[in-house]
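# Analysis of the macromolecular model
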Amino acid sequence: QVQLEESGGGLVQAGGSLRLSCLATGRNFYTMNWFRQALGKEREFVASITWSSAIPMYADSVKGRFTTSRDTAKNTAYLQMKSLKPEDTAVYYCATRRFGSAEYDSWGQGTQVTVSS
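A brief report on the enclosed structure follows. As the structure is a computational prediction, the values presented were derived from the model and not from experiment. (Residues numbered from 1 in each chain as written. Predicted model: local features only at pLDDT ≥ 70, side-chain atom pairs only at ≥ 80, totals over all residues. Heavy atoms only, no water.)

## Concerning the state of the cysteines
The final tally for this structure, using the stated rule, is one disulfide. A sulfur-sulfur separation of 2.0 Å characterises the disulfide bridge that pairs cysteine 22 with cysteine 94. The disulfide joining cysteine 22 to cysteine 94 has a torsion of about 70° about its S-S bond and is therefore right-handed. Taken together, the residues cysteine 22 in strand S3 (residues 18-25) and cysteine 94 in strand S9 (residues 90-97) connect sequence positions 72 residues apart. With relative accessibility at 0%, the residue cysteine 94 sits in the buried group. (Disulfide = S-S within 2.5 Å. Helix = DSSP H or I, 4+ residues; strand = E, 2+ residues; numbered from the N terminus. Buried < 20%, exposed > 50% of the residue type's maximum accessible area, 1.4 Å probe, protein only.)

This is the structure in structure tokens:
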């Protein structure tokens, strides 16, 4: 099973930027995905990227502000977040999905992102 470790969260003012990283141990996955969960709310999809061809996908709420990428040599995915808003405050998770599977089978521990107004 793939092991994931996120980093890069923190406290930032509205309008600021942060970059999250997700280091993967193992390569048996098709997409790397980003989710977030705000306090008292359900977890929501943020972005994904296909590992081999780097095709990204974004939730409407982050389009134009967030960019996901990956470095296959470092086995690391990134989520660059710009123009952050207080409503982006959440714990952010990365998760892998295998080809042909509808399930996310490996999850990171999460990293807190707090955006102050």
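## A word on the environment of glutamate 5
With respect to the secondary-structure elements, glutamate 5 resides in strand S1 (residues 3-7). Taking relative accessible area as the criterion, glutamate 5 reaches 51% and is therefore assigned exposed. Setting aside residues no more than four positions away along its own chain, glutamate 5 makes contact with Ser21, Cys22, Leu23 and Gln109. (Contact = heavy atoms within 4.5 Å.)

## Brief notes about the pairing of strand S5 (residues 44-50)
Burial analysis of S5 places five of its seven residues in the buried class, the great majority of the element. Pairing geometry for strand S4 (residues 31-37) and S5, over six bridges, is antiparallel. Paired with asparagine 33 across the bridge in S5 is serine 48. As consecutive antiparallel partners, S4 and S5 are separated by six residues, and within that stretch glycine 40 has a phi angle of approximately 80°, a positive value. Of the strand pairs in this sheet, S5 and strand S6 (residues 56-58) are connected by three bridges, and their pairing is antiparallel. Looking at S6, one finds that isoleucine 49 is bridged to proline 56. (Pairing = 2+ DSSP bridges.)

## Observations concerning the packing of aromatic side chains
Within this structure, the stated rule accounts for seven aromatic pairs. Geometrically, the ring pair formed by tyrosine 30 and phenylalanine 99 is edge-to-face, given 5.0 Å between the ring centres and 85° between the ring planes. Taken together, the positions of tyrosine 30 in the loop between S3 and S4 and phenylalanine 99 in the loop between S9 and strand S10 (104-107) put the pair 69 residues apart, joining distant regions of the chain. Where phenylalanine 35 meets tyrosine 104, the ring centres are 4.9 Å apart and the plane angle is 80°; that geometry is what we call edge-to-face. Of this pair, phenylalanine 35 sits in strand S4 while tyrosine 104 is found in strand S10, placing the two residues 69 residues apart along the sequence. Using a relative accessible area of 8% as the deciding quantity, one classes phenylalanine 35 as buried. Overall, the relative accessible area of 30% leaves tyrosine 104 in the partly exposed class. One aromatic cluster is present, built from ring pairs that chain together Phe35, Phe45, Tyr93, Tyr104 and Trp107. A cation over a ring is seen here: arginine 43 above phenylalanine 35, with NZ or CZ 5.9 Å from the ring centre. The ring of tryptophan 107 is capped by arginine 43, whose NZ or CZ atom sits 4.0 Å from the centre of that ring. (Phe/Tyr/Trp six-rings, centres within 6.5 Å; stacked < 30°, edge-to-face > 60°. Lys NZ or Arg CZ within 6 Å of the ring centre and 35° of its normal.)

## Some words on the nonpolar core
Within the largest apolar cluster, 27 residues are counted, with the highest numbers of intra-cluster contacts made by Met32, Trp34, Val46, Phe66, Leu79, Met81 and Tyr92. Counting residues per element, this core draws most heavily on S3, which supplies four residues. (Core = buried A, V, L, I, M, F, W, Y, C linked by side-chain atoms within 4.5 Å.)

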